[in-house]
Every structure is written in structure tokens, then in C-alpha cells.
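Fold and geometry: a report
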Amino acid sequence: MPRGKAAVSDVYSAMRASILEGDLAPGARINIDAVARSLGVSQTPVREVLQRLEGDNLVVYNPGRGYSTTPLLDLPELRSLFEFRLLVEPWAARAAAVDRLANPAPALKKELEAFRDVMESSGDLRQDLVAHDTRFHDTILAASGNPVVRHAFAQTHCHLHTFRLYPADVDGAITVAEHTAVREAIEACDPERAEAAMTTHIRNSFDRFAQAFQGELAPLEDSGPPRKRIIT
């Protein structure tokens, strides 16, 4: 790999980790010169990486103020994102639970096995859990064959990453159990069960994220009967 590309890759990994781990606080302004000096690189790869992180929704750019890390979601924003996921992802799981070569069950099984290995060897699982969750859900979205929905999911999921709070599943065990239920239904080519398992997972995930907020919290609204298609 050319030296310039290697520098960009290293800077991207370092800055992304700093944001996800909270070393760069939510809403904090980013001093490009200070970041470059701390990483031992010029400002050029830092600027390039900031553009990539903006695409990941981990940083925002404001004219006249420069870049800052994305603020944490508030509860209405969190609810809106999960309501979107509740509309899209159960449909995607249902669409993936079909008896054809595109069934993603083998890939999902491989992903779950890899993450279980990480769970046994890693102490701090925050970044690994984020990465696993992204790959698991993206695999299902990819199998649905709808690139527009897949792109929309990527945008919402990055917003959830900026929330960076998962207090009820610090070791990933709950997420793995729910992901396993989704995978087993998809493997069995049982669309109703796959849709129901994904719905349960999305609702439970919302409850876990929302524990960071104080006070009473109403559950997600029932969106009604499942939609067989989202595009007509």
C-alpha cells in the first residue's frame, strides 16, 4: 500500500476509534492541526479523513466553525430512527428468508461465530459490538436486493453509533442471542418467524439504548400489519 494511502487508513482508524470510545467528546470541535501533530502526520490526511467521517455521520462540518463530532441523539431522534428501522428491517428479514442461493444464513452464521470468538478474547467490546451489529444487519439488507433501503440503513445505523450508549448489553450476549434467533428463522426459510424475530430485536434494542434516558419511556408504537413490499 502506498505510504499516503497507509497514512489515511491509519488516521481514519485512529480518529474513528477516538470518537466511538468517547475520547473525542460528542459535539466537540476538532482542531485539525492538533490532531495532525498528535498522530504525527500532515494536515492533508486528517482533512481527507474528516470528509470520510462526515460521510459516516461521525463528524459534522459547520462553515466558519470547522468540524466537530456529531452530538449525541436526543430521545425523539432515537425514537424516530428506531421507528424507521421497525418499518424496514423486519421486511428485510422476511425477504431474506427464502429458499434460494441468496439466502444469507451461511454468512450470518459465520459472522456470529467470529463475534463469539471475539467475545471470549476481548475485554472492551464496544467497537467490536458496533462492527458486528453493522455487518449482521447489512448482510440481511444486502440479501433483500434493495440498494436504496440498504443505503438508508447505513445512514441510520451510523447515527446510532454516535449515540454510543449500550448499557444493558456490555458483553454482547443479548445481541448475539437475538441475532441468532433471526439467523435461525432465515436459515429455516420461515419468513413469518424471521420478521417476528427481527421486530423483537429492534424493539429490544430501542429499550436498551433508551435506558440512558431518565424517566418514563413509552414503547415504540405498533406499526400495524407487516408490509410485504415497501416499493410498488
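None of the values given here were measured: they were computed from a predicted structure.

Rules of the game
- Residues numbered from 1 in each chain as written.
- Predicted model: local features only at pLDDT ≥ 70, side-chain atom pairs only at ≥ 80, totals over all residues.
- Heavy atoms only, no water.
- Helix = DSSP H or I, 4+ residues; strand = E, 2+ residues; numbered from the N terminus.
- Expected span 1.5 Å × (residues − 1).
- Contact = heavy atoms within 4.5 Å.
- pLDDT = per-residue confidence, 0-100.
- Polar contact = N/O pair within 3.5 Å; in protein donor to acceptor, adjacent residues only side chain to side chain.
- Phe/Tyr/Trp six-rings, centres within 6.5 Å; stacked < 30°, edge-to-face > 60°.
- Buried < 20%, exposed > 50% of the residue type's maximum accessible area, 1.4 Å probe, protein only.
- Lys NZ or Arg CZ within 6 Å of the ring centre and 35° of its normal.
- Salt bridge = Lys/Arg side-chain N within 4 Å of Asp/Glu carboxyl O.
- Core = buried A, V, L, I, M, F, W, Y, C linked by side-chain atoms within 4.5 Å.
- Pairing = 2+ DSSP bridges.
- Axes fitted to C-alpha atoms, helices over the stretch in contact; angles between N-to-C directions.
- Parallel < 35°, antiparallel > 145°, perpendicular 65-115°, else oblique.
- Left-handed = near helix turned anticlockwise from the far one by under 90°.
- Nonpolar A, V, L, I, M, F, W, Y, C, P; charged D, E, K, R; others polar.

Once that is clear, we can look at helix α5 (residues 105-121). Every α-helix winds through 3.6 residues per turn, so residues three or four apart in the chain are directed the same way. An ideal rise of 1.5 Å per residue puts 24 Å on 17 residues; α5 measures up with 25 Å between its terminal C-alpha atoms. In this structure, the buried side of α5 is in contact with α6 (126-143) and α8 (173-187).

With that out of the way, let us pick up the confidence of the model for the protein chain. Interpreting fine coordinate detail is not advised for predicted regions of low pLDDT. Confidence in the prediction for the protein chain averages 83 pLDDT; 81% of positions are at 70 or higher. The weakest mean pLDDT in the protein chain belongs to helix α7 (residues 147-163) at 74; the strongest belongs to α8 at 96. Low pLDDT (under 50) marks residues 225-232, which in the prediction has nine contacts with non-local residues, meaning those over four places away or in another chain.

What follows is about the side chain of R94. Note on placement: R94 falls in helix α4 (residues 75-96). Of note is the side chain of R94, whose polar atom sits 3.1 Å from the side chain of E192.

Here we come to the packing of aromatic side chains. This model, assessed by the stated rule, comprises three aromatic pairs. Measuring from centroid to centroid gives 5.0 Å for Y61 and Y67, while their planes differ by 55°, and the two rings are tilted. Judged by relative accessible area, Y67 falls into the buried class, the value being 12%. Seen in terms of ring centroids, F82 and F206 are 5.5 Å apart; in terms of plane orientation they differ by 65°. Their pairing is edge-to-face. Taken together, the residues F82 in helix α4 and F206 in helix α9 (residues 191-210) connect sequence positions 124 residues apart. The pair formed by F82 and F206 is uniform in burial state, with each residue classed as buried. Three or more aromatic residues link up through ring pairs in this structure, and these residues are F82, F206 and F209. Sitting over the face of the ring of Y12, R52 holds its NZ or CZ atom 3.9 Å from the ring centroid.

This structure, assessed with the given rule, holds nine salt bridges. Several salt bridges converge on common partners, so that one network encompasses R94, E192 and E195.

The subject of this paragraph is the environment of E111. For E111, the position within the fold is in helix α5. E111 gets classed as buried once you look at its relative accessible area, which sits at 13%. Note: C-alpha distance between E111 and D133 (22 residues apart in sequence) is 9.5 Å. The contacts of E111, once residues within four sequence positions are left out, are H132, R135 and F136.

As a further point, take the nonpolar core. Judged by nonpolar contacts, the single largest core of 34 residues is most densely connected at L78, I140, V182 and I186. Within the residue set of this core, elements represented by two or more residues are α4, α5, α6, α7, α8 and α9. Here this core gets nine residues from one element, more than from any other, and that element is α4. Ranked by size, the runner-up nonpolar core spans 17 residues in total, among them V8, Y12, A36 and L53.

Once that is clear, we can look at α6. Between its terminal C-alpha atoms α6 stretches 26 Å, which fits the 26 Å expected from 18 residues at 1.5 Å a residue. Taken residue by residue, α6 has L129, V130, H132, D133, F136, H137, I140, L141 and A143 as its buried positions. Looking one or two residues past α6, G145 carries a phi angle of roughly 75°, positive in sign.

Attention now moves to the pairing of strand β2 (residues 66-69). Direction of pairing for strand β1 (residues 59-62) relative to β2: antiparallel, over a ladder of four bridges. Paired with V59 across the bridge in β2 is T69. Here β1 folds back onto β2, and the loop between the two strands holds three residues, one of which, G64, carries a positive phi near 90°.

What follows concerns the packing of α4 against α9. Each pair of packed helices gets described by two things: the angle between the helix axes and the distance between those axes. Between α4 and α9, the least distance of the axes is 8 Å, while the angle of their chain directions is 160°. With respect to each other, α4 and α9 are oriented roughly antiparallel. Note that α4 runs across α9; the crossing there is right-handed. For the pair formed by α4 and α9, the contact residues are L78, R79, F82, R85, L86, E89, P90, A93 and R94 on the first element and P191, E192, A194, E195, M198, T199, I202, R203, S205, F206, F209 and A210 on the second. The residue makeup of the contact of α4 with α9, split by class, is 12 nonpolar, two polar and seven charged.

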